[in-house]
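Summary of the model geometry
Read off the chains here:
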Amino acid sequence: MKYGQNVCRSFLAALALAAAAAWGSPQSDSAEEIIEAVREEQAVDPRTVIFEVKAEEGPRESVILTGTTSEPDLFSMLMTRLLKQGIRAEPRIEIVPNREALKQQIWATVKVPLAELLEFMDDDSPVAAEAVMGTPMQVLQEGSTGKLRVRLPDGRIAWAKPDDVHRQSDTTLLVWNRREKLVIKAPAGRLWASEEAAKQAQSSGASQTEDGSVLLPAGSRLIIESSSPEGFSILTPDAKRGWVSAKDAEKLYDFQAREENARRADPVRFLKSVSAS
């Protein structure tokens with residue numbers, strides 16, 4: 001009889017454990033509700049904010065918080081809410097960017113003519129954005145596949161292929177920002193190995209697919225090493241030398257001044273031109 005009672009108790013205990021695993025603990029359920037409330041109240045947009053936090057059952061009626069966030073303020077708000085509700089939480093959340101994990105290289109600049117930035121880490125992910133050569137971005141995280149989670153100048157977050165960008169530290173980014181730059185005019189311009197290479201291709205009548213040049217989209221930015229009436233000797237973000245014709249580019253300062261004058265002269269027309277481009 002005792003044997004039968006022990007079997008019954010063991011069965012009920014196993015059933016209780018299975019039910020707890022299936023339904024979760026009240027503490028972790030309550031924590032998940034608070035996480036969702038913070039996400040909704042703060043209107044967290046996954047296109048511009050990382051707040052990938054979840055609660056798991058911890059020891060002694062506590063919860064373990066795991067995941068990643070780019071917003072320390074949201075993390076602090078969450079911990080305060082949990083404390084007010086009497087929920088003991090052990091945070092194991094990574095706040096990005098993590099300078100140590102990224103070896104201080106928390107910046108990057110696009111080094112290919114046009115980089116496709118992905119919505120997710122997978123290779124077959126939809127394209128979330130495109131960025132032209134010279135576009136700066138903040139590196140938030142390095143994924144398991146080697147891809148980099150980045151934040152663009154407009155705030156959007158996406159995944160970049162490591163071969164498409166040049167990694168930078170605070171110091172190297174500062175050097176890049178201080179150098180004089182040019183911007184490629186619309187619709188596009190050509191980057192040559194040298195001025196001589198451009199002249200030889202033009203004199204030989206080589207087609208654009210065979211002349212050895214690289215087509216750069218409008219808006220691409222390069223460092224100016226020297227200039228002449230014919231064009232600019234340049235450096236790409238990864239320090240490769242080249243040459244751009246003056247008809248394809250202008251100094252960034254001149255471009256920005258012209259854009260600002262156009263905006264002030266006719267704001268409506270300027271905004272229409274920007275949206276059209």
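Residues numbered from 1 in each chain as written. Predicted model: local features only at pLDDT ≥ 70, side-chain atom pairs only at ≥ 80, totals over all residues. Heavy atoms only, no water.

1. Things to note about the environment of Glu71
With respect to the helices, strands and loops of the structure, Glu71 is situated in the loop between β2 (63-69) and α3 (72-84). In this structure, the C-alpha to C-alpha distance between Glu71 and Ile50, residues 21 residues apart in sequence, is 7.1 Å. Here the side chain of Glu71 touches Arg151 through a polar contact of 3.3 Å, side chain to side chain. (Helix = DSSP H or I, 4+ residues; strand = E, 2+ residues; numbered from the N terminus. Polar contact = N/O pair within 3.5 Å; in protein donor to acceptor, adjacent residues only side chain to side chain.)

2. Notes on unusual backbone geometry
Of note, the bond from Val96 into Pro97 is cis; its omega dihedral lies within 30 degrees of zero at 5°. Backbone torsion omega between Ala186 and Pro187 reads 0°, so that peptide bond is classified as cis. Secondary-structure assignment places Pro187 in the loop between β11 (181-184) and β12 (188-192). In this structure, Ala239 is a non-glycine residue whose phi angle is positive, near 70°. Following the sequence through the fold, Ala239 ends up in the loop between β15 (231-235) and β16 (241-245).

3. Regarding the sheet that holds strand β3 (residues 89-95)
Overall, mixed pairing links the three strands, which are arranged β1-β2-β3 in an open sheet. A single partner strand is all that each edge strand has here, and the edge strands are β1 (51-57) and β3. Recorded for the sheet is a direction-independent mean angle of 15° between the axes of neighbouring strands. With seven bridges joining them, β2 and β3 adopt parallel strand pairing. Bridge pairing in β3 links Leu65 to Pro91. On the sheet, α3 packs against β1, β2 and β3 and is oriented at approximately 175° with respect to β3. (Pairing = 2+ DSSP bridges. Axes fitted to C-alpha atoms, helices over the stretch in contact; angles between N-to-C directions. Contact = heavy atoms within 4.5 Å.)

4. Observations regarding a negative patch on the surface
Judged by side-chain charge, Asp29, Glu32, Glu33 and Glu56 come together as a negatively charged surface patch. In terms of residue count, helix α2 (residues 26-41) provides more of the negative patch than any other element does, three residues in total. Checked against the element boundaries, Glu32 lands in helix α2. (Patch = residues over 30% accessible without salt bridge, like charges linked within 9 Å, V, L, I, M, F, W, Y side chains within 5 Å. Areas by Shrake-Rupley, 256 points an atom, 1.4 Å probe, with all protein chains shown as cover. Salt bridge = Lys/Arg side-chain N within 4 Å of Asp/Glu carboxyl O. Lys, Arg positive; Asp, Glu negative; His and termini not counted. Charge placed at Lys NZ, Arg CZ, Asp CG, Glu CD.)

5. Concerning the side chain of Ser28
Mapped onto the elements of the fold, Ser28 is located in helix α2. Excluding residues that lie within four positions of it along the chain, Ser28 makes contacts with Ala55, Glu56, Glu57 and Val63.

6. Examining the confidence of the model for the chain
Averaged over all residues, the pLDDT of the chain equals 88, while 86% of them reach at least 70. In the model, residues 1-24 has pLDDT below 50 throughout and makes four contacts with residues more than four positions away in sequence or in other chains. (pLDDT = per-residue confidence, 0-100.)

7. Quick word on the sheet that holds strand β17 (residues 249-251)
The sheet built from seven strands is open, its strands ordered β13-β12-β16-β15-β14-β11-β17 with antiparallel pairing. Pairing within the sheet leaves two strands with one partner each, and these edge strands are β13 (214-217) and β17. Averaged over all adjacent pairs, the angle separating strand axes in this sheet is 45°, with direction ignored. In terms of strand pairing, β11 meets β17 through three bridges, oriented antiparallel. By the bridge assignment for β17, Leu182 is matched with Lys251. Here helix α6 (residues 252-265) sits on the sheet and contacts β11, β14 (221-227) and β17; the angle it forms with β17, its principal contact strand, is near 85°.

8. Re the layout of surface pockets
Space inside the second largest pocket adds up to approximately 340 Å³. Together, 18 residues line the second largest pocket, and Pro46, Arg47, Glu119, Phe120 and Ile157 are the ones closest to its centre. Looking at the lining of the second largest pocket, the elements with two or more residues in it are β1, β6 (127-132) and β9 (157-160). For the lining of the second largest pocket, the per-class residue count stands at twelve nonpolar, no polar and six charged. (1 Å grid on protein atoms, 1.4 Å probe; cavity = no way out; pocket = protein on both sides within 12 Å on 5 of 7 lines; lining within 4 Å. Points joined across faces, edges and corners; volume = space filled by probe spheres on them. Nonpolar A, V, L, I, M, F, W, Y, C, P; charged D, E, K, R; others polar.)

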